Structures are given as C-alpha cells and as structure tokens.
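Now for the letters of each chain:
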Amino acid sequence: MNSPKPRPGILDIAPYVAGTSSIKGQTEVIKLSSNEGAFGPSPKAVKALQEMAASAHRYPDGNSANVRQAIAEIYNLNAEQIVCGAGSDELISLLCQAYGGPGDEILYSRHGFLMYEISARAVGATPVSAPETNLTADVDHVLSCVTDKTRILFLANPNNPTGTYLSHSEMHRLRKNLRSDIILVIDAAYAEFVERNDYQAGADLVDLGDNTVMTRTFSKIYALGGLRLGWAYCPPSICGILNRIRGPFNVGSQAMICGEAAVNDLAFTKKCKDHNDTWLTWTAVELRKLGLFVPENSVGNFVLVRFPETPGKTAADADAFLQNHNIIIRRLEGYGLADCLRITIGLEHEMRAVIKNLRLFMGKNS
Ligand SMILES: *Cc1c(COP(=O)(O)O)cnc(C)c1O
C-alpha cells in the first residue's frame, strides 16, 4: 500500500519552536520569551476588540482598506503599495510561494529569523545561509553566497534573535550589488524600537525600484501578536502578485480594527518606545556587569546574552535557574546559538527580577 507523501523538502523542515509560555504548576510567571510588548496592547485596541465581539459572523474586508489607509498615514506611505497578512509570517511565506520553488535558492544570514528557512523549504526551494560577522549580517558574505539560482534574500533589520542591525548605507550597498532579479525582503519587525542616526526601516529602498519589499508587524511594538497582523510595503508589481495568491480574507476583522486603533494611538506607542529605550539600555548594562556578553548594537525589544561554557554556568543552566524562579526566557538552539539566551524587555519589575536572579546565578552578590 502507498501512503500519501508530502513534496520533497517538507519532511526536512524542523517545526518552529515558539518561546515557552508556561511553567508547569505555576500561574504567576514572568514571560520574556516572545518579544510581545511589555504593556500589552493599546487600551484603544482592547476597547475596539470588545466592541466588535457580536459581529464576529461578518466576513472581514478582503482588501484591509481601512487599516492599510491608517498605516499609510502614520508611516507616510502609499496605501496602494501595502499588502496585509496574517502576521508578517504569512507575507514571508507568500513571497516564497510566489518567487521560489524547487531548484531555487532562498538566502538569509546565519542567525536570521527561523521562518525564512521554514518557508523556503515549504515551497521546495533550497535555503542558504550566509556567515555573519560579530553576530551581525555581513553584506560581503551575503553577496558572496548569491548564485544563479538565488531568488530571494531575506534580511531582518534589526535581526531577531541577535538584536543587531545594518546601517542605511550598508543596506544601500547591498541592494546596489545584488542582482536586480533577486528580491530583497527587509524584515523590519522591530523598526519602531530603533533610534539610531544611521538606521532606516527600508521604505526608501522599496521606492528605488521594483525588487525590494519591506515587511512589518503588529506583533511587536503594537503588542497584537495574538491577532495576527502584518504588512508588506512593496513595489506595485509585487503587490499585484501577493494580492493574487493570498487568501481573499487572509486578515480577520479583529486584527484590522485593533491594528487601526493601535497604529493611531501615537501616545501609547511613544510610551512603549520610551520604556524600551530605558530598560533595554539598563538590562544590557546590568548583564555586562555580570561579565556576560551582549552585542554592542542591540536595538530591538530584547537582548541576546551569551553565557560561559563552564559547567553550571551555561545558557541551559541559566535557563533552568530562571525557570525555577518563574521566569521564562528564550533558548536559541534552533538558531545555532545554544550558548545564548534571548530576553525580552518587559516591565520594570520583571527586568529587575531577571537581573537579580542572574546575579545570584552568576554568584555575584554586589
Ligand atoms: C516576530 C517576528 C516576525 C513575525 O511577526 P508576525 O507578524 O507575528 O508573524 C517576523 N520577523 C521577525 C524578525 C520577527 O522577530
């Protein structure tokens, strides 16, 4: 008897392992494993969600018109060039479906976001990862990995889980030296958190031609990960392609209405950003005081921290220690960073608790 078999490549996918969300037997945990937003969603988004519960029988607007318009106004972009998706994960997957397949290569940097590899394999394309330098994407290494078969280059800027970023001029150099038939996808999931003179999210690169896409999400600064909303800013030709292959109702009404409320709540967004600025800096400084390595340019709403190889002091040991104190952070074996942990920036008392416990773990009492 023959059993159904998936297409070649599918069984090579290591299923995505999300950040742990609970500890057995514990109800009060500090969850800093998924970069979800310290304050939760904007109260205006919460109110909008409550108000629409009774209309859940209505199909959503298949064009996501209102939320695209709201995004366009806040980010100063053309709404016609925005495509919404069920999280930016869906847009990553749609781009692979549209432009990649068996025999094609999809490129990303070594410690890039896991969905690039998964989405490449899902369409039968070959994932290729380029070496990084100092836990940062390296334009020359990336370019040297391009072959005749390369179709898409995914680059998270800033990158998750390393927290590092490439400057505006490096991104321009990359685009300039990348073959024009290769799509550069700039995944700017954390752009709202970044404040660096040499950083830009990438819309200007999209506007330069017909081969660059910028993806964004409502799961990070807007803290709506549970609703699934992301968007891509694309050249008109790529918009047309994504609109052909996406589901007609790929984004739910709740996601759209809450997304619109969230993006328009500028005061709340600023509060989240200011909080992150303060506690990201504080956390990185405190971790370094413990003798732990944190990449110099950490700019998301999380920090990567590297632990020693010394038995009893490893990342796995630190994770176990924190879990014993009801703190959940992110292990990174899946990213090839088994000696590191990723810690989301949460509320003040949560960050103080992490540092207090890591101080104990490292045996520093000062
Ligand atoms: C969280 C994250 C996303 C996914 O966001 P969704 O919109 O929730 O699918 C995409 N890229 C990076 C780099 C992320 O960290």
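Residues numbered from 1 in each chain as written. Predicted model: local features only at pLDDT ≥ 70, side-chain atom pairs only at ≥ 80, totals over all residues. Heavy atoms only, no water.

What to know about the pattern of salt bridges
One side chain can pair with another of opposite charge once the charged atoms of both are near each other.
1) Next: Using the criterion set out here, one finds 18 salt bridges in the structure.
2) Next: When the shortest N-O distance is used, the salt bridge between Asp181 and Arg179 registers 2.8 Å.
3) Next: Between Asp274 and Lys270 there is a salt bridge, with its nearest N and O atoms 2.5 Å apart. Placement of the pair is Asp274 and Lys270 together in helix 10 (residues 266–289), with a separation of four residues, close to one helical turn.
4) Next: By sharing partners, the salt bridges in this structure join Asp140, Glu170 and Arg173 into a single network. (Salt bridge = Lys/Arg side-chain N within 4 Å of Asp/Glu carboxyl O. Helix = DSSP H or I, 4+ residues; strand = E, 2+ residues; numbered from the N terminus.)

Here we look at the sheet that holds strand 4 (residues 126–130)
1) Next: Taken together, seven strands build an open sheet; the order of strands is 2-8-7-6-5-3-4 and the sheet is mixed. Each of the sheet's edge strands pairs with one partner strand only, and the pair in question is strand 2 (82–85) and strand 4. Mean inter-strand twist for the sheet, computed between neighbouring axes without regard to direction, equals 25°.
2) Next: Across four bridges, the pairing between strand 2 and strand 8 (residues 230–233) is antiparallel. Its bridge partner being in strand 8, Cys84 is matched across the sheet by Trp231. (Pairing = 2+ DSSP bridges. Axes fitted to C-alpha atoms, helices over the stretch in contact; angles between N-to-C directions.)

A look at the site of the ligand
1) Next: For the ligand, the set of nearby residues contains 13 residues, the closest of which are Ser88, Asp187, Thr217, Ser219 and Lys220.
2) Next: Side-chain polar atom of Ser219 to an oxygen atom of the ligand: 2.5 Å apart, as the coordinates give it.
3) Next: Calculation on the ligand without its partners gives an accessible area of 390 Å², and the protein chains cover 94% of this total.
4) Next: Looking at the shell around the ligand, the element that brings in the most residues is helix 3 (residues 87–99), giving three residues.
5) Next: For the shell around the ligand, a count of residues per class yields four nonpolar, five polar and four charged. (Near = heavy atom within 4 Å. Polar contact = N/O pair within 3.5 Å; in protein donor to acceptor, adjacent residues only side chain to side chain. Areas by Shrake-Rupley, 256 points an atom, 1.4 Å probe, with all protein chains shown as cover. Nonpolar A, V, L, I, M, F, W, Y, C, P; charged D, E, K, R; others polar.)

A few points about the packing of helix 1 (residues 43–51) against helix 9 (residues 253–264)
1) Next: Orientation of helix 1 relative to helix 9, taken along the N-to-C sense of each, is 150°, at an axis distance of 8 Å. Relative to helix 9, the element helix 1 is oriented roughly antiparallel. Of the two elements, helix 1 crosses helix 9, and the hand of that crossing is right-handed. In contact with Lys44, Ala45, Ala48 and Leu49 of helix 1, helix 9 contributes Gln254, Ile257, Cys258, Ala261 and Ala262. (Parallel < 35°, antiparallel > 145°, perpendicular 65-115°, else oblique. Left-handed = near helix turned anticlockwise from the far one by under 90°. Contact = heavy atoms within 4.5 Å.)

What about the domain arrangement of the protein?
1) Next: Taken as a whole, the protein is organised into domain 1 (18–40 + 267–362) and domain 2 (43–264).
2) Next: Between domain 1 and domain 2, the residue contacts involve 27 residues of the former and 27 residues of the latter.
3) Next: The contact between domain 1 and domain 2 buries some 2200 Å² in all, and 63% of this surface belongs to carbon and sulfur atoms.
4) Next: When residues of domain 1 are sorted by the area they lose upon contact with domain 2, Lys273, Val299 and Tyr335 head the list and together hold 31% of the total.
5) Next: Counting across the interface, domain 1 meets domain 2 through one salt bridge.
6) Next: Among the ionic pairs, Lys273 bridges to Glu195, the shortest N-O distance being 2.7 Å. (Domains from an automatic or database assignment. Buried area = accessible area lost by both parts, 1.4 Å probe.)

Focus on the packing of helix 11 (residues 315–324) against helix 12 (residues 348–362)
1) Next: Packing of helix 11 against helix 12 brings their axes to within 10 Å, and their N-to-C directions diverge by 125°. One finds that helix 11 runs oblique with respect to helix 12. Of the two possible hands of crossing, helix 11 and helix 12 adopt the one that is right-handed. Residues Asp317, Ala318, Phe321 and Leu322 of helix 11 lie in contact with helix 12, whose contacting residues are Val354, Asn357, Leu358, Leu360 and Phe361.
2) Next: Among the residues making up the contact of helix 11 with helix 12, the classes are represented as seven nonpolar, one polar and one charged.

What to know about the side chain of Glu286
1) Next: Counting through the fold element by element, Glu286 comes out in helix 10.
2) Next: Judged by relative accessible area, Glu286 falls into the buried class, the value being 10%.
3) Next: A polar side-chain atom of Glu286 sits 3.3 Å from a polar atom in the side chain of Arg359.
4) Next: When residues no more than four places from it in sequence are discounted, the contact partners of Glu286 are Ile355 and Arg359. (Buried < 20%, exposed > 50% of the residue type's maximum accessible area, 1.4 Å probe, protein only.)

Observations concerning the packing of aromatic side chains
1) Next: Across all of its chains, the model carries eleven aromatic pairs by this definition.
2) Next: Aromatic pair Phe113 and Tyr116: ring centres 5.8 Å apart, planes at 75°, arrangement edge-to-face.
3) Next: A ring pair is formed by Phe321 and Phe361, whose centres lie 5.5 Å apart and whose planes are at 55°; its orientation type is tilted. Here Phe321 is found in helix 11, whereas its partner Phe361 is found in helix 12, with 40 residues between them in sequence.
4) Next: Overall, Phe321 belongs to the partly exposed group, its relative accessible area being 23%.
5) Next: According to the relative accessible area criterion, Phe361 is buried, its value standing at 6%.
6) Next: The rings of Tyr108, Phe113, Tyr116 and Phe154 are connected pair by pair, giving a single aromatic cluster.
7) Next: Positioned above the aromatic ring of Phe361, the side-chain terminus of Lys313 is 5.5 Å from the ring centre.
8) Next: Over the face of the ring belonging to Phe302 we find Arg342, whose NZ or CZ atom lies 5.8 Å from the ring centre. (Phe/Tyr/Trp six-rings, centres within 6.5 Å; stacked < 30°, edge-to-face > 60°. Lys NZ or Arg CZ within 6 Å of the ring centre and 35° of its normal.)

Quick word on helix 8 (residues 236–245)
1) Next: Listed as buried for helix 8 are Ile238, Cys239 and Leu242. Here the buried residues of helix 8 occupy an arc of 105° about the axis, which is enough to place them on one side. Along helix 8, exposed side chains directed more than 90 degrees from the buried face belong to Pro236 and Arg244.
2) Next: Tucked into the core, helix 8 has its buried residues touching strand 2, helix 3, strand 6 (183–187) and strand 7 (212–217). (Arc of directions from axis to C-beta.)

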